[in-house]
Amino acid sequence: MSATFTKSALLLGLLLGLSQAQAASEPSPTALASGLGIPHPAVIAHRGASFDAPESTAAAYKLARDLGADYLELDLQRSKDGVLFALHDNNLQRTTDVASKFPERKDSPANAFTMAELKTLDAGSWFNTAHPDRARPSYAGLKILTLDEIIDIAQGNSQHKPGLYIETKEPKQFPGIEHDLKQKLQTRGWLSPAGSKLAKSELAVGQGKGKVILQTFEKNSLELLQKEMPQVPKILLLWVGEGSIEPQSTVSFAQSGEKDKAAYYAKQQPKDKAEFQRWVDYAKTQGAIGTGPSAALTQGGDQSYSDLVQPWMNQYTHDQGLLVHVYTIDEVVDYQKVMDAGVDGIFTNRASELLKFYKRPAPASVAQVLQNNGY
Ligand code: G3P
Ligand code: CA
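None of these values were measured; they are calculated from a predicted model. (Residues numbered from 1 in each chain as written. Chains lettered and ligands numbered in written order. Predicted model: local features only at pLDDT ≥ 70, side-chain atom pairs only at ≥ 80, totals over all residues. Heavy atoms only, no water.)

Q: Hey, could you run me through helix H8 (residues 177-187) in this one?
A: Think of an α-helix as 3.6 residues a turn; residues three or four steps apart then line up on the same face. Among all positions of H8, only Ile177, Glu178, Leu181 and Leu185 are buried. Considered in projection along H8, the buried side chains sweep an arc of 100° and stay on one side of the axis. Looking at the buried residues of H8, the elements they touch are strand S2 (71-78), strand S3 (84-86), helix H7 (147-155), strand S4 (163-168), strand S5 (212-216) and helix H9 (219-228). Of the residues one or two after H8, Gly189 is the one with positive phi, at around 75°. (Buried < 20%, exposed > 50% of the residue type's maximum accessible area, 1.4 Å probe, protein only. Helix = DSSP H or I, 4+ residues; strand = E, 2+ residues; numbered from the N terminus. Arc of directions from axis to C-beta. Contact = heavy atoms within 4.5 Å.)

See the structure below:
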């Protein structure tokens, strides 16, 4: 055995020993979540209970709340006159009647409209057309919601207080939105835990330390959120593609010949292991408490992306002392798959199904809760 080999072996042993010691010194994901006041595993209602009601509307958020979801998820934007509101898409075409109310401006970004203009739009009827099997006459005319209105909904059930899981959506379009968000949360008392009776209960996520989780795909926004609200838990969202994890292959969807985007994304992988690890390491360095990776769904569809919750990926993330909240999963087969792979919470459009899967059944059926809320 050469002296060089012995030295290398010693060094490797030391490095391995160190990494094992580092992993061993991190709390378990359950303990980590508990220390942060985040339910484990967490039920994150993606744009509200958006399978059963129009996304990001009062119907969807009240339904998610009253079913017992831990968090109401929303994509944050800012109107032309500076009001924070929830909308996923960059423009209003898919989920509102902007084309009939403002035909000349139908392709404009949502932030080119004042809140008064946004409030004239019907954000519910599209759902009835797209999903006739789940349509309800009362969905017609539902409004786009301000952050204030979503906070009111989160606080509005005396039996269950969900938290808020807020994404800065396309933050480059909204300089200073991280500061605006801080101001709003502060004003509404959402930056300090409340001390009521319910606060000790597991139904009171929205009153404890983990009452708000901030999420973003953008490194710059993560850094600004950390600067503005260092004490609030943050998640760095991950996917494979432009602006996020570099892919192994640079072949575009158009060049790939794949039949749909889900099939294309399913084959997209991080360039290599180190590239994935760099993003997790970055999240940790910037003060995030976890990552929000994409998943490849069994049935494909437009929410199916690269599989970034492979067991080694979750293990690596846990070894860094971080949690994994995966997006966006609606089927039991996939709930089981990602839980087996080791995730700590799931973004879902079907809070009712995920709660059932976790053996935390809702107090009433979807139809009953909708009816109770007047829908
Ligand atoms: O925020 C998690 C998940 O919602 C990210 O994807 O496009 O649905 O906002 P998206
Ligand atoms: Ca989102």
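Resuming the write-up.
Q: Explain the coordination of the calcium ion (ligand 2) to me, please; I cannot follow it from the model alone.
A: Tetrahedral coordination by four donors puts the ideal angle at the metal at 109.5 degrees, and octahedral coordination by six puts it at 90 or 180 degrees. On the protein side, the calcium ion (ligand 2) has Glu73 (OE), Asp75 (OD) and Glu167 (OE) as donor atoms, found 2.2 to 2.3 Å from it. Relative to the metal, the six donor atoms surrounding the calcium ion (ligand 2) lie at angles of 57 to 157°, and the coordination shape comes out irregular. Positions of the donor residues of the calcium ion (ligand 2), expressed as sequence spacing, correspond to E-x1-D-x91-E. Residue Glu73 is found in strand S2, and its partner Glu167 is found in strand S4; the two are separated by 94 residues along the sequence. Judged by relative accessible area, Glu73 falls into the buried class, the value being 2%. (Donors = N, O, S within 2.8 Å, 3.2 Å for Na, K, Ca; no water. Tetrahedral: all angles 85-135°; square planar, octahedral: opposite > 155°, others 65-115°.)

Q: When you look at the pairing of S2 in this model, what are you seeing that I'm missing?
A: A regular strand places its side chains so that they alternate between the two faces of the sheet. Within S2, eight of the eight residues are buried, which leaves the element mostly enclosed by the surrounding structure. On S2, burial covers both faces: Tyr71, Glu73, Asp75 and Gln77 on one face and Leu72, Leu74, Leu76 and Arg78 on the other are all buried. Note: strand S1 (residues 42-45) against S2, two bridges, orientation parallel. Within S2, the residue paired with Ile44 across the bridge is Tyr71. As paired strands, S2 and S4 are joined by six bridges and run parallel to one another. Within S4, the position partnered with Leu72 by the bridge is Leu164. Relative to S3, S2 runs antiparallel, the two sharing three bridges. If you follow Gln77 over to S3, its bridge partner there is Phe85. Two successive antiparallel strands, S2 and S3, enclose a turn made up of five residues, where Gly82 displays a positive phi of approximately 85°. (Pairing = 2+ DSSP bridges.)

Q: What am I meant to see in the site of ligand 1 here?
A: Inspection of the region around ligand 1 gives His46, Arg47, Glu73, Asp75, His88, Glu167, Lys169, Gln215, Phe217, Leu237, Tyr327 and Phe347 as its neighbouring residues. Glu73 is positioned such that a nitrogen or oxygen atom in its side chain is 3.0 Å from an oxygen atom of ligand 1. Lys169 places a side-chain nitrogen or oxygen 2.9 Å from an oxygen atom of ligand 1. Taking 280 Å² as the accessible area of ligand 1 by itself, protein coverage stands at 91%. Taken together, the residues that form the shell around ligand 1 break down as four nonpolar, three polar and five charged. (Near = heavy atom within 4 Å. Polar contact = N/O pair within 3.5 Å; in protein donor to acceptor, adjacent residues only side chain to side chain. Areas by Shrake-Rupley, 256 points an atom, 1.4 Å probe, with all protein chains shown as cover. Nonpolar A, V, L, I, M, F, W, Y, C, P; charged D, E, K, R; others polar.)

Q: Even after reading the chapter, I still don't get the packing of aromatic side chains, so can you show me in this structure?
A: Aromatic ring pairs: the centre-centre distance and the angle between the two ring planes describe each pair. Under the criterion given, the structure shown has 16 aromatic pairs. Centre to centre, the rings of Phe102 and Phe113 are 5.3 Å apart; their planes meet at 75°, and the pair counts as edge-to-face. Of this pair, Phe102 sits in the loop between helix H4 (98-101) and helix H5 (115-118) while Phe113 sits in the loop between H4 and H5, placing them eleven residues apart in sequence. For the ring pair Tyr165 and Phe347, a centre distance of 4.9 Å and an interplane angle of 65° mean the geometry is edge-to-face. You can see Tyr165 sitting in strand S4 and its partner Phe347 sitting in strand S9 (residues 345-348), a full 182 residues away along the chain. Taken individually, Tyr165 and Phe347 each receive the classification buried, so the pair is uniform in this respect. (Phe/Tyr/Trp six-rings, centres within 6.5 Å; stacked < 30°, edge-to-face > 60°.)

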